[in-house]
Amino acid sequence: MVFPSADAKRPGFSALRAVPASVAWPVAVASLMYVMLLALGGKLLNDADTYWQIALGDWMIANRAVPHVDVYSWTMAGEPWISSQWLAQVIFAAVYNAVGWSGVVAISALAIASAFGLLAYHLMRHLAPMPALVLTVAAFVLAAPHMLARPHALALPVMVLWVAGLVRAADEKRAPSFWLLPLIALWANLHGGFTFGLFLIAPVALEALINAKAQERMRVVLRWALFGVAALAAACITPYGPESILVTRRILGLGPALALIGEWQPENFARLGGLEICLLAAIGFLLYRRITLPPVRILVVLGLVHMALSQSRSGEMLGLVAPLFLAAPLAPQLGGRAAGDAKPLYTAAAAALVLFAAVMSVVLPLSLRYSPRAEVSPAGAAAAVKASGRTHLLNSYDFGGYLIAQGVKPFIDGRTELYGADFFLRHDAAVNLKNVSVFYDLMRARDIDVTLLAPSTPAVGLLDRMPGWTRVYADDTAVVHVRTDAAR
């Protein structure tokens, strides 16, 4: 039995009771999601690009420099190329070298979970726990398909803090704090998505201008313009200066090539998915409760919905950013935030979950032993390519990252902006036999002498029948063909 009069004299218990619900609930959210992500840790390693991200981080640590030209492929060797994700890659490499794949999973899970904890915290500044938690869970569902151990994962908490800072300034009818500038500088060194953060300054500033009194509008314009210029300057504090901003333009300029990359493809509504469920639930709720939003925030939310529909990878931005724009307008229509500090149960549960998460940080990695999936790790095939002694390799796109990690120079890999749209489309047309003449032309022009392709690739069957080519290795992951002298 607990005696309040006695417990109240205990300093530790009083301190726990003093923690407000707006802190206890976000801590609980972050802890639960962290443990969940650790339990599903292998899925965070489903992307082939994680291999080359770590390999590049190793190169930067060893050379104490950032890349300015390609040093990995044989087709683009020496061509200009920069990595706007250099800091995240160095972090991944350092963690991997220290504790292996468990460390990569853990740091990715911690960053992702922290982003959702921060989201819950900022939502609970306006909303009661229940609607705040519902929005946070919806955000998790939207972001789930793109939860991978890649640089964008480490940038998610920074994105939430940056957007929350901008929106809070608009809610409080003031200019944003210049303390936000280190965030955009950090984001610019972690991931190229920082350009999205810069873009968001414009709509938030527009709303501030609309809401300002007539006699104050010039001052509002000047203060937001000053902040925008300062943010742009801060985003250039990278080893590459303003060139990091141009990388986004190069990626978006890939045009039709992006449509062939899974994460850049439009959302598929042929089967019911998380995005469709969340959108239908949101539309139904908005209609039922007759929710209204300010015009600028409607435009921002619609823009985020468009991004999520046109590129599946943008679901995380819809999930993590839209609620921050919705919280303040929703508060008076949903009853606002519940008053008062946390109940002891909330704080005790949060403390228990933090301890549980700490224990699971040790238990789960030891029991699950994470590693990337076999479909992007053609170990036997890569060994066969090395044994062949051939160097003019034609490989499947998804194998490029693993090959880089194994010291084999690929034909192509996940750095699509390096290769360009024409190169990427030509490679796709060749290996998938969309145009057989393109396949023969590519093999001849590039003097291909070894191939490493997924078994389902149409070119595999053709190579089996081509004179002068011999299948030297095959498993469920990849097939290797080697050219004989007679094929020259």
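The structure displayed is predicted, hence computed values, not measured ones. (Residues numbered from 1 in each chain as written. Predicted model: local features only at pLDDT ≥ 70, side-chain atom pairs only at ≥ 80, totals over all residues. Heavy atoms only, no water.)

**Digging into the environment of Leu309**
Locating Leu309 in the fold gives a position in helix α15 (residues 295-310). Accessibility expressed as a relative area gives 31% for Leu309, which makes it partly exposed. With 33 residues separating them along the chain, Leu309 and Glu276 place their C-alpha atoms 9.6 Å apart. Those residues in contact with Leu309, other than ones at most four positions away along the chain, are Pro266, Glu267, Phe269, Leu275 and Leu279. (Helix = DSSP H or I, 4+ residues; strand = E, 2+ residues; numbered from the N terminus. Buried < 20%, exposed > 50% of the residue type's maximum accessible area, 1.4 Å probe, protein only. Contact = heavy atoms within 4.5 Å.)

**Re the sheet that holds strand β3 (residues 469-474)**
Strand order in this open sheet of 4 strands is β1-β2-β4-β3, and the pairing throughout is mixed. The open sheet is flanked by β1 (393-395) and β3, the only strands paired with a single partner. Each strand of the sheet is rotated relative to its neighbour by a mean of 20°, with strand direction disregarded. (Pairing = 2+ DSSP bridges. Axes fitted to C-alpha atoms, helices over the stretch in contact; angles between N-to-C directions.)

**As for helix α6 (residues 101-123)**
With 23 residues, α6 extends 33 Å from end C-alpha to end C-alpha; this agrees with the ideal 33 Å at 1.5 Å per step. Of all the 23 residues making up α6, 17 are buried; the element is thus mostly covered by neighbouring parts of the structure. (Expected span 1.5 Å × (residues − 1).)

**What to know about the packing of helix α9 (residues 181-190) against helix α12 (residues 217-235)**
The contact between α9 and α12 brings their axes to 8 Å, and the two run at 35°. The handedness of the crossing between α9 and α12 comes out as right-handed. On α12, the residues that touch Leu181, Ile184, Ala185 and Ala188 of α9 are Phe227, Ala230, Ala231, Ala234 and Ala235. Classifying every residue of the contact of α9 with α12 by side-chain character gives 9 nonpolar, no polar and no charged. (Left-handed = near helix turned anticlockwise from the far one by under 90°. Nonpolar A, V, L, I, M, F, W, Y, C, P; charged D, E, K, R; others polar.)

**Things to note about the nonpolar core**
Grouped together as the largest cluster of nonpolar side chains are 160 residues, with contacts concentrated most on Phe116 and Trp162. In terms of residue count, helix α8 (residues 151-171) provides more of this core than any other element does, 14 residues in total. Discounting chain neighbours no more than four positions away, the residues touching Phe116 are Val29, Met33, Thr136, Ala139, Phe140, Ala143, Met147 and Leu320. (Core = buried A, V, L, I, M, F, W, Y, C linked by side-chain atoms within 4.5 Å.)

**Points about the packing of aromatic side chains**
Scanning all chains against the criterion turns up 13 aromatic pairs. For the pair Phe178 and Phe227, a centre-to-centre distance of 5.9 Å together with 65° between the ring planes defines the contact as edge-to-face. In this pair, Phe178 sits in the loop between α8 and α9 while Phe227 sits in helix α12, placing the two residues 49 residues apart along the sequence. Joined through ring pairs, the aromatic side chains of Tyr51, Tyr96, Trp101 and Tyr402 make up one cluster. (Phe/Tyr/Trp six-rings, centres within 6.5 Å; stacked < 30°, edge-to-face > 60°.)

**A closer look at the pattern of salt bridges**
Applying the stated criterion across every chain, the model contains 13 salt bridges. With a closest N to O distance of 3.0 Å, Arg168 and Glu172 form a salt bridge. Using a relative accessible area of 39% as the deciding quantity, one classes Glu172 as partly exposed. Ionic pairing is found between Arg174 and Glu172, a salt bridge with its closest N-O pair at 2.7 Å. Since its relative accessible area comes to 30%, Arg174 is described here as partly exposed. Here the residues in one salt-bridge network are Arg125, Arg168, Glu172 and Arg174, joined through shared partners. (Salt bridge = Lys/Arg side-chain N within 4 Å of Asp/Glu carboxyl O.)

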